[in-house]
Amino acid sequence: SAVISQKPSRDICQRGTSLTIQCQVDSQVTMMFWYRQQPGQSLTLIATANQGSEATYESGFVIDKFPISRPNLTFSTLTVSNMSPEDSSIYLCSVLPDRVGEQFFGPGTRLTVL
Amino acid sequence: DAKTTQPNSMESNEEEPVHLPCNHSTISGTDYIHWYRQLPSQGPEYVIHGLTSNVNNRMASLAIAEDRKSSTLILHRATLRDAAVYYCILRGLQGAQKLVFGQGTRLTINP
């Protein structure tokens, strides 16, 4: 299993600023993912952040807007850059310890951009 | 990514069984069928997964059609705590291993 914590749990930011979200896992995992969940919507995958390689971004998401760091097997950060109100969402970190099994999700970071 | 189709919403009564359907006609031979649920104001949580055979765990059962083009998540005795959005997702062993969420089924449980 894996227990994930995220910081901050929520934040209110001004447009044009950036916020870095931290994800800490209680065990070493290779595969890590960042998702966004806009109000009333399902989860959308932003990127896959495997340790030792560059993050792989999904269509519609770019590194300049959502830079990701993955310095080791238990930690990652996602930065939301030059924020606009459209970036108001819940951002979730997720890990996959076993290729076949259960994927674990963090509690999310609720971001509001004014 | 192989696509799944689920009803937008379903409703059931407390202490009754619930059968949540999922169609995945384009499933490939190496795709696992995963079910996750998201309770209000929480991140998704794993429910169950399978490949070909029916699966049971403490939370639910997964019935997989013989041709694997559909599956059904079965909650044997629903409680109010089972009210959530249920997602049926295919994930293969090849490539990126990512979970791609559709819109899911919003399950309402009536007391």
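Structure: above.
**A look at the interface of chain A and chain B**
Counting residues at the interface gives 19 residues for chain A and 19 residues for chain B. For the pair chain A and chain B, the summed buried area comes to about 1600 Å², and 50% of that belongs to carbon and sulfur atoms. The largest per-residue losses of area from chain A upon contact with chain B belong to Ser42(A), Arg99(A) and Val100(A), which jointly make up 31% of the total buried on that side. Linking chain A with chain B are one salt bridge, by the criterion used here. Among the salt bridges present, the one from Lys98(B) reaches Glu58(A), with a minimum N-O distance of 3.0 Å. Our count for the contact surface shared by chain A and chain B stands at seven residue pairs in polar contact (both at pLDDT 80 or more). Elements with a minimum of two residues in the side of chain A that touches chain B: β4 (31–37), β5 (43–48) and β9 (89–96) of chain A. In terms of residue count, the dominant contributor to the side of chain A that touches chain B is β4(A) (four residues). Of the residues in the side of chain A that touches chain B, the class split is nine nonpolar, six polar and four charged.

What counts as what
Residues numbered from 1 in each chain as written. Chains lettered and ligands numbered in written order. Predicted model: local features only at pLDDT ≥ 70, side-chain atom pairs only at ≥ 80, totals over all residues. Heavy atoms only, no water. Contact = heavy atoms within 4.5 Å. Buried area = accessible area lost by both parts, 1.4 Å probe. Salt bridge = Lys/Arg side-chain N within 4 Å of Asp/Glu carboxyl O. Polar contact = N/O pair within 3.5 Å; in protein donor to acceptor, adjacent residues only side chain to side chain. Helix = DSSP H or I, 4+ residues; strand = E, 2+ residues; numbered from the N terminus. Nonpolar A, V, L, I, M, F, W, Y, C, P; charged D, E, K, R; others polar.

Scope: geometric values only; no functional claims are made or implied.
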